[in-house]
Amino acid sequence: MSGGRPQPGEVLLDVTDLSVEVDTVRGPLRLVDGVSWQVRAGQTLAILGESGSGKTVSVQALTGILDMPPCRITGGTARFRGQDLIAMQPRERRRIVGDRITMVFQDALSALNPVQSVGRQIAECYEVHRGMSRRDGMRRAVEMLDRVRIPAAASRVSDYPHQFSGGMRQRVMMAMALALDPDVVIADEPTTALDVTVQAQILELIAELQAETHMAVVLITHDLGVVADVAHDVVVMYAGRVVERAATLQALDSPVHPYTEGLLRSMPSADLKGLELPAIPGTPPSLYALPSGCAFRPRCPLAVGACADVVPPLLHVGPGREAACIERTALPGVIA
Amino acid sequence: MIRFVVRRILAAVPIGLVVTLGVFALVFAMPGDPLRELAGDKPIPASVLAAKRAQFHLDRPFLVQYGLYMKDMAAGQFGSTFDGQDIGEQLKLRVPVTLRLALLANAFQWIIALLFGTYAGFKRNGAADRLLMASTLFVLAVPLLVLAFTAQYVLGVQLKVLPVSGAGAGFPQSYLLPAMALAVVGFAGIARVLRTSIVESVNSDFVKTARAKGLGEQRVLWRHIVPNAILPVVTIAGYDFAGIFAGAVLTESIFNLPGLGQFLFQAIRLKEGGVVVLLSMLAFVTFVLINLAVDVLYGVLDPRVRHG
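About the cut-offs
Residues numbered from 1 in each chain as written. Chains lettered and ligands numbered in written order. Predicted model: local features only at pLDDT ≥ 70, side-chain atom pairs only at ≥ 80, totals over all residues. Heavy atoms only, no water. Helix = DSSP H or I, 4+ residues; strand = E, 2+ residues; numbered from the N terminus. Buried < 20%, exposed > 50% of the residue type's maximum accessible area, 1.4 Å probe, protein only. Contact = heavy atoms within 4.5 Å. Areas by Shrake-Rupley, 256 points an atom, 1.4 Å probe, with all protein chains shown as cover. Lys, Arg positive; Asp, Glu negative; His and termini not counted. Charge placed at Lys NZ, Arg CZ, Asp CG, Glu CD. Polar contact = N/O pair within 3.5 Å; in protein donor to acceptor, adjacent residues only side chain to side chain. Expected span 1.5 Å × (residues − 1). Arc of directions from axis to C-beta. Domains from an automatic or database assignment. Pairing = 2+ DSSP bridges. Buried area = accessible area lost by both parts, 1.4 Å probe. Salt bridge = Lys/Arg side-chain N within 4 Å of Asp/Glu carboxyl O. Core = buried A, V, L, I, M, F, W, Y, C linked by side-chain atoms within 4.5 Å. Axes fitted to C-alpha atoms, helices over the stretch in contact; angles between N-to-C directions. Parallel < 35°, antiparallel > 145°, perpendicular 65-115°, else oblique. Left-handed = near helix turned anticlockwise from the far one by under 90°. Phe/Tyr/Trp six-rings, centres within 6.5 Å; stacked < 30°, edge-to-face > 60°. Lys NZ or Arg CZ within 6 Å of the ring centre and 35° of its normal.

## Here we look at the overall build of chain B
Across its full length, chain B holds 14 helices and zero strands. Along chain B, helices (α) and strands (β) appear in the sequence α-α-α-α-α-α-α-α-α-α-α-α-α-α when read from the amino end. Within chain B, the fraction of its 308 residues that count as buried is 42%. Taking the intrachain contacts of chain B between residues at least 6 apart in sequence as the baseline, contacts between residues at least 24 apart amount to 74%. A total accessible area of about 15,700 Å² is found for chain B, and carbon and sulfur atoms account for 70% of it. Counting 27 positive and 17 negative side-chain charges, chain B places the centres of these two groups 9 Å from one another.

## Observations regarding the side chain of A:Asn113
With respect to the helices and strands, A:Asn113 occurs in the loop between helix H3 (108-111) and helix H4 (118-130). From its side chain, A:Asn113 meets the backbone nitrogen of A:Val115 in a polar contact 3.1 Å long. Apart from the residues lying within four places of it in its own chain, the contact partners of A:Asn113 are A:Gln121, A:Pro161, B:Phe206, B:Arg223, B:His224 and B:Asn228.

## A look at helix H6 (residues 127-141) of chain B
All names here are of chain B. Over its 15 residues, H6 extends 21 Å from the first C-alpha to the last, a length consistent with the 21 Å expected when each residue adds 1.5 Å. Of the positions making up H6, those classed as buried are Asp-129, Leu-132, Met-133, Thr-136 and Val-139. Buried residues of H6 fall within an arc of 135° about the axis and therefore sit on the same side. In H6, the exposed positions angled more than 90 degrees off the buried face are occupied by Ala-127, Arg-130, Leu-131, Leu-137, Phe-138 and Ala-141.

## Section: the domain arrangement of chain B
You can read the domains of chain B as domain 1 (2-75) and domain 2 (89-269). Each of domain 1 of chain B and domain 2 of chain B has a C-alpha centre, and these two points are 34 Å apart.

## Thoughts on the pairing of strand S11 (residues 315-318) of chain A
Residue and element names in this part refer to chain A. Examined bridge by bridge, S11 and strand S12 (residues 321-323) share three bridges and lie antiparallel to one another. Paired with Leu-315 across the two strands is Ala-323, which belongs to S12. In textbook terms, the turn of a hairpin is the stretch between consecutive antiparallel strands, and for S11 and S12 this stretch comprises two residues, one of which, Gly-320, has a positive phi near 70°.

## Quick word on the side chain of A:Thr44
All names here are of chain A. Note that Thr-44 resides in strand S3 (residues 44-48). Within polar-contact distance, the side chain of Thr-44 engages the side chain of Gln-210 at 3.0 Å. In contact with Thr-44, not counting residues within four places along its chain, are Gln-210, Val-217, Leu-219, Val-230, Ala-231, His-232 and Asp-233.

## Notes on the interface of chain B and chain A
Size of an interface, as often reported, equals the accessible area lost when the parts are brought together. With 23 residues of chain B at the interface, the matching set in chain A holds 30 residues. Of all residues in chain B, B:Lys208, B:Ala212 and B:Lys213 give up the largest surface area on contact with chain A, accounting jointly for 27% of the area buried on that side. The interface formed by chain B and chain A holds four salt bridges in total. Between B:Arg219 and A:Glu127 there is a salt bridge; the shortest N-O distance is 3.4 Å.

## Some points on the nonpolar core
Generally speaking, soluble globular proteins have nonpolar side chains that are buried together. Core analysis: the biggest nonpolar cluster contains 78 residues, and A:Leu13, A:Trp37, A:Ile122, A:Leu145, A:Val184 and A:Ile186 have the highest contact counts within it. Residue assignment places this core across two domains, with domain 1 (11-100 + 180-335) and domain 2 (107-179) of chain A each supplying three or more. If near-sequence neighbours (up to four positions away) are discounted, A:Ile186 is found in contact with A:Leu13, A:Val59, A:Leu62, A:Thr63, A:Ile101, A:Thr102, A:Met103, A:Val104 and A:Val218. Core analysis: the next-biggest nonpolar cluster, separate from the first, contains 24 residues, B:Val27, B:Phe56, B:Val277 and B:Leu279 among them.

## Observations concerning the domain arrangement of chain A
Residues and elements named next belong to chain A. Entries for chain A in the domain assignment read domain 1 (11-100 + 180-335) and domain 2 (107-179). Spacing between the C-alpha centres of domain 1 and domain 2 amounts to 29 Å. Facing the 21 residues of domain 1 at the interface are 15 residues of domain 2. Summed over both partners, the interface of domain 1 with domain 2 buries about 1,500 Å², with 61% contributed by carbon and sulfur atoms. On the domain 1 side of the contact with domain 2, Leu-180, Leu-205 and Leu-209 bury the most area, a combined 39% of that side's loss. The interface formed by domain 1 and domain 2 contains three salt bridges. The salt bridge involving Arg-130 is made with Asp-99; its shortest N-O contact spans 3.0 Å.

## A few points about the sheet that holds strand S8 (residues 216-221) of chain A
Residue and element names in this part refer to chain A. One open sheet holds the eight strands; their spatial order is S6-S7-S8-S3-S9-S10-S12-S11, and the pairing between them is mixed. Of all the strands in the sheet, just strand S6 (101-104) and S11 have a single pairing partner and so form its edges. Within this sheet the neighbouring strands show an average axis-to-axis angle of 20°, counted without direction. Pairing of strand S9 (residues 233-238) with strand S10 (residues 241-247), which is carried by six bridges, proceeds in the antiparallel orientation. The residue of S10 that forms the bridge with Val-234 is Ala-246.

## Here's the deal with the pattern of salt bridges
Between side chains of opposite charge, a pair can form when the charged atoms approach closely. All names here are of chain A. Enumeration over the complete set of coordinates arrives at 30 salt bridges over all chains. Between Arg-149 and Glu-208 there is a salt bridge; the shortest N-O distance is 3.0 Å. Taken together, the residues span a long stretch of sequence, with Arg-149 in the loop between helix H5 (134-147) and helix H6 (153-156) and Glu-208 in helix H8 (residues 196-213) at a distance of 59 residues. Arg-149 sits in the partly exposed class, given a relative accessible area of 40%. We classify Glu-208 as partly exposed; its relative accessible area is 33%. The salt bridge involving Arg-321 is made with Glu-244; its shortest N-O contact spans 2.8 Å. Taken together, the residues span a long stretch of sequence, with Arg-321 in strand S12 and Glu-244 in strand S10 at a distance of 77 residues. By relative accessible area, which is 1% here, Glu-244 ends up buried. Ionic contacts of the salt-bridge type, sharing partners, join the residues Glu-21, Asp-23, Arg-30, Asp-33, Arg-72 and Arg-241 into one network.

## So, the packing of H4(A) against helix H7 (residues 166-178) of chain A
For any two helices packed against each other, one specifies the inter-axial angle together with the distance between the axes. Residues and elements named next belong to chain A. Where H4 meets H7, the closest approach of the two axes is 8 Å, and the angle between their N-to-C directions is 20°. Our classification of the angle between H4 and H7 gives roughly parallel. Considering the relative orientation of H4 and H7, their crossing is right-handed. Within the contact between the two elements, H4 uses Val-118, Gln-121, Ile-122 and Cys-125 and H7 uses Val-172, Ala-175 and Met-176.

## Remarks on helix H4 (residues 62-75) of chain B
Residue and element names in this part refer to chain B. Counted at 1.5 Å a residue, the expected span for H4 with its 14 residues is 20 Å, and the 20 Å between its end C-alpha atoms agrees. Of all the positions in H4, only Gln-65, Tyr-66, Leu-68, Tyr-69, Met-70 and Met-73 are classed as buried. Positive backbone phi, approximately 80°, marks Gly-76, located one or two places after H4.

## Overview of the packing of aromatic side chains
For the structure on display, the rule yields 10 aromatic pairs over all chains. Centroid distance B:Phe24 to B:Phe62: 5.3 Å. Interplanar angle 5°. Geometry classified as stacked. Of this pair, B:Phe24 sits in helix H1 (residues 2-29) while B:Phe62 sits in helix H4; the two residues are 38 residues apart in sequence, bridging distant segments of the chain. Each residue in the set B:Phe24, B:Phe28, B:Phe62, B:Tyr66 and B:Tyr69 is aromatic and connected to the rest through ring pairs, giving one cluster. In this structure, A:Arg26 packs its charged tip against the face of A:Tyr288, placed 3.9 Å from the ring centre. In this structure, A:Arg156 packs its charged tip against the face of A:Phe164, placed 4.0 Å from the ring centre.

And the structure:
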């Protein structure tokens, strides 16, 4: 099953029913609750949600880099081309994570080792996973820096992270993540710390490299603009659960879940010029005191009494569309 | 690099002058006539007193005295103490004593600090960590004086396992007790810094990155955590040396070790300005050189300092 280049459209990473808890002094706390998604070769999946919604925790759990303890995976599978990463021994998993599945983090300044040159950090991938010498690794590092369009790559390879600008540093992270030509790249808010123009450049770079290599990209973000630009599929998370899943353009045109709808409405646009920007009332719930039933209920304009009874399951609402709302069980157009 | 070293040494010159001048001023300001006190109740002929005053420059104004001491020192003419001992000879005898004490104390304190700090850092909030934190707090609160006398009493007088005082038993027996006293006081601070620094490094984002690269735990530890965690510890290594020297003044006096600290203590008591200036200059130069070495090392270890 594994091995060989993935076929275009092949499901590379298939997460099913993933749940993560953390032990706190006040008892266990559920951070991720039954999350499922999949990503295919050559495609981009966006995981959208506010901070604390469990996006980062879920991907760190499946790659095994989450601090366990205090966190704990309480259920689910994450199959990379059929092999379950969660059931694997760490030694086995390290052959996949870091080689076939790599990660890009939000703040490249703190995510890069400050006392190692960027070249050595990239070369380390080749040394560890390909058994190359440091000299060959460094040569490949120069090629990678060149590939992510860092000017004068040959001379910059021995520079340290603090000597790069924010955008260039994020390119270094990308070079490191793409060094081994991975099948899946998980990018955790890769553009959040950057200004808008640099953001666009980085997203463009990801898209270009993806077109060359047919890698799958899992893009974690809270930025709807980013989703609209690059994602093929989107998964919306709220309080540790998936509340809506769709092909992007559909979700942006016709959101089903009231939370997604609220997010879309609160996105600044030219049409709203001069008007007050609508916001979702209230704040995300504390995981210590989740409301019964639907976690979005206290902020939801559609909430009815029954919303407090059970946690709404993800329901099929249309072709390739799922949403977890008992008041919205069909696409908006269909209701009308 | 050479420019950096030269600049640092040049910058140290005025500081050295101010430090030694300040120390000398304090000695000068002490009440009483040093030579008369040295003679005790015995009457001294005025001519002898005048000759002695001239020999030790005591008949000159304050700044001139200081200047003459510095000139003698620069010329390598250390002269003799009030009671006629050759200062050059004394240094030759005493420098090795203090050096042995300082090195042994440093060895003790760094070994304990590195072991405890590293272990506590990795097993934070475990039993060993809590014990370490409590004990360092205790040690930091107990003055060296109390600790030294207690050690002397328990290990020397009661248990008789180590000599109570003096250098008679030679190295290392005579040095163990004072070195341990110094090390116990010094290790606590280093261990705490190391512990915090390891906790910080272990939880930093770049360690997550290293794990996400599929590196083994040993490689994550030695290539990524340790090189970052030692930086704050290297910084304190420099000024910790000052603590060892200050501690040596006290420890050598308590344990009657004939080192530089004891020499300085005696010189201050007798108001021997020349000796005090000489010894504080020596301490200062050593301090500057050690800190220079630490700064150079720091630049090697941390590129952010190198380019800063």
